[in-house]
Amino acid sequence: MLQTTKRPDSPVSIIGAGIAGAWQALLFAQAGHAVTLHERGDEAMTDATSHWAGGMLAPYCEAEIAEPIISRLGLRSLDLWRRELPDTPFNGSLVVAHPRERNDFERFARMTEHHRRLDAAGLAALEPSLEGRFRDALFFPAEGHVEPRRVLPKLHERIKAAGGTIKFGSDVSASELDGIVIDCRGIAARDEEPELRGVKGEMILIETDEVQLARPVRLIHPRWPLYVIPRENGLFMLGATSIEAEDTGVSVRSALELLGAAYTVHPAFGEARILEFGSGLRPAFPDNLPRIGIRDRRISVNGLYRHGFLIAPALAELTLAFVERGQIDNEVMQCA
Ligand SMILES: Cc1cc2nc3c(=O)[nH]c(=O)nc-3n(C[C@H](O)[C@H](O)[C@H](O)COP(=O)(O)OP(=O)(O)OC[C@H]3O[C@@H](n4cnc5c(N)ncnc54)[C@H](O)[C@@H]3O)c2cc1C
């Protein structure tokens, strides 16, 4: 059972209210710490990479390219999402391929676990809109997805309900804060983490009521895992490129690829309205793995790369276990 009594002797300041900082703040507040979460942007969170994310909670699909540590943190995080936000949809996810990507589709099936192969009829039974579109599909039933722009405010509300304070418009640096400081500034932490780089991810938001999907659909693509994620009210997010560049905006080439992927999934997307083009910089270390850095009472949580929503809960649990019990996770933590 989580403690809810405040511990006034252990103030915890968290910098950055993106997905990393929000989960840190939530678990520390629930454990009774006097938490203040500082965010330099406003409630809309448009400055955060998290604002632009797909929000897929897909540890099994990600195992195709990610290290085992991502699966470990991801699987634990699924439990934490279920515990804290029980209405998180866990409808699974689908992987499909154009016939010319058949070999890559089979490779994806070999490299991943916990999926079922569906034939065309099975796919149509699960997603009626996809009837007749693909000859088969991989179904990962245990995966989930969240809508970042809805889930961040929900987490912020839960932090306040647990006794934490959130200060928007609060641009702070660790040196001006007392007590334990947890730096979750994402790419902005490069002033102290020179190894950090931004990996650009582009997305497009479209709207149509011609297609209904209950779960993310990934389309095997030679360069990037492209996907269509259903949002509420007939919206769909098309994502995401992965480009070693730190500019903003969406290139024509990326837009063509993202829109082409949607059109391959269903031609009715050709009639959808484009609502938004956007991009975010995924904060990544050279090994693309997350890192909890510990220096006295200063902790940094960064490098969540393409897995922020998938792994932020488990990273917060590890940080809390370190602060409360001195527990070290050698795979993720680096102590100065
Ligand atoms: C297109 C795209 C799709 C993605 N899809 C997925 C997905 O499906 N699943 C998944 O798990 N991940 C996904 N990701 C990755 C995920 O978005 C990132 O890993 C995650 O957002 C990183 O979160 P963060 O909290 O570390 O950083 P951020 O979200 O950037 O948050 C950092 C915050 O710190 C604030 N800040 C900075 N400096 C200061 C300061 N001095 N004082 C106060 N506040 C400060 C910033 O304003 C910002 O709000 C995707 C990313 C992109 C770009």
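Worth saying up front: this structure is predicted, and the values here are computed from it rather than measured.

A. Up close: the overall build of the protein. What the protein contains, in helices and strands, is eight helices and 17 strands. Its C-alpha atoms give the protein principal-axis dimensions of roughly 60 × 40 × 35 Å. With 336 residues in all, the protein has 57% of them scored as buried. Considering only intrachain contacts with a sequence separation of at least 6, the fraction spanning at least 24 residues in the protein is 75%. As displayed, the protein offers around 14,700 Å² of accessible surface, 49% of which is attributable to carbon and sulfur atoms. Side-chain charges in the protein split into 38 positive and 47 negative, and the spacing between the mean points of these groups amounts to 2 Å.

B. Structural view of the site of the ligand. The immediate surroundings of the ligand are formed by 38 residues, with Glu39, Ser50, Met56, Tyr305 and Phe309 found nearest. Here an oxygen atom of the ligand sits 2.9 Å away from a polar atom, N or O, in the main chain of threonine 49. Contact between the ligand and methionine 56: an oxygen atom at 2.8 Å from a main-chain N or O atom of the residue. Protein burial of the ligand: of its 1,000 Å² of free accessible surface, 97% is covered by the chains. Looking at the shell around the ligand, the elements that each hand over two or more residues are α1 (19–30), β2 (33–39), β14 (273–284) and α8 (308–325).

C. Fine view of the domain arrangement of the protein. Per the domain assignment, the segments making up the protein are domain 1 (11–53 + 147–189 + 286–335) and domain 2 (93–141 + 197–284). Placing the centre of domain 1 and that of domain 2 at their C-alpha centroids yields a distance of 29 Å. On the side of domain 2, 19 residues touch domain 1, which itself brings 16 residues to the contact. Of the roughly 1,500 Å² buried at the junction of domain 1 and domain 2 (both faces included), carbon and sulfur atoms supply 54%. Counting across the domain 1 and domain 2 interface gives two salt bridges. A salt bridge links glutamate 232 to arginine 150; the shortest N-O distance between them is 3.3 Å. In this structure, the connection of domain 1 to domain 2 is made through seven residue pairs in polar contact (both at pLDDT 80 or more).

D. Local environment of helix α7 (residues 252–265). Look at α7: 20 Å from first C-alpha to last across 14 residues, which is about the 20 Å you get at 1.5 Å a residue. Buried within α7 we find Ser254, Ala255, Glu257, Leu258, Ala261, Ala262, Thr264 and Val265.

E. Summary view of the packing of helix α3 (residues 68–84) against α8. At a closest axis distance of 7 Å, the pairing of α3 and α8 adopts a crossing angle of 85°. One element, α3, and the other, α8, form an angle in the roughly perpendicular class. Two secondary-structure elements touch here, α3 through Ile70, Leu73, Gly74, Arg76, Ser77, Leu78, Leu80 and Trp81 and α8 through Phe309, Leu310, Ile311, Ala312, Pro313, Ala314, Leu315, Glu317 and Leu318. Looking at the contact of α3 with α8 residue by residue, the classes come out as 13 nonpolar, two polar and two charged.

Definitions and cut-offs
- Residues numbered from 1 in each chain as written.
- Predicted model: local features only at pLDDT ≥ 70, side-chain atom pairs only at ≥ 80, totals over all residues.
- Heavy atoms only, no water.
- Helix = DSSP H or I, 4+ residues; strand = E, 2+ residues; numbered from the N terminus.
- Buried < 20%, exposed > 50% of the residue type's maximum accessible area, 1.4 Å probe, protein only.
- Contact = heavy atoms within 4.5 Å.
- Areas by Shrake-Rupley, 256 points an atom, 1.4 Å probe, with all protein chains shown as cover.
- Lys, Arg positive; Asp, Glu negative; His and termini not counted.
- Charge placed at Lys NZ, Arg CZ, Asp CG, Glu CD.
- Near = heavy atom within 4 Å.
- Polar contact = N/O pair within 3.5 Å; in protein donor to acceptor, adjacent residues only side chain to side chain.
- Domains from an automatic or database assignment.
- Buried area = accessible area lost by both parts, 1.4 Å probe.
- Salt bridge = Lys/Arg side-chain N within 4 Å of Asp/Glu carboxyl O.
- Expected span 1.5 Å × (residues − 1).
- Axes fitted to C-alpha atoms, helices over the stretch in contact; angles between N-to-C directions.
- Parallel < 35°, antiparallel > 145°, perpendicular 65-115°, else oblique.
- Nonpolar A, V, L, I, M, F, W, Y, C, P; charged D, E, K, R; others polar.

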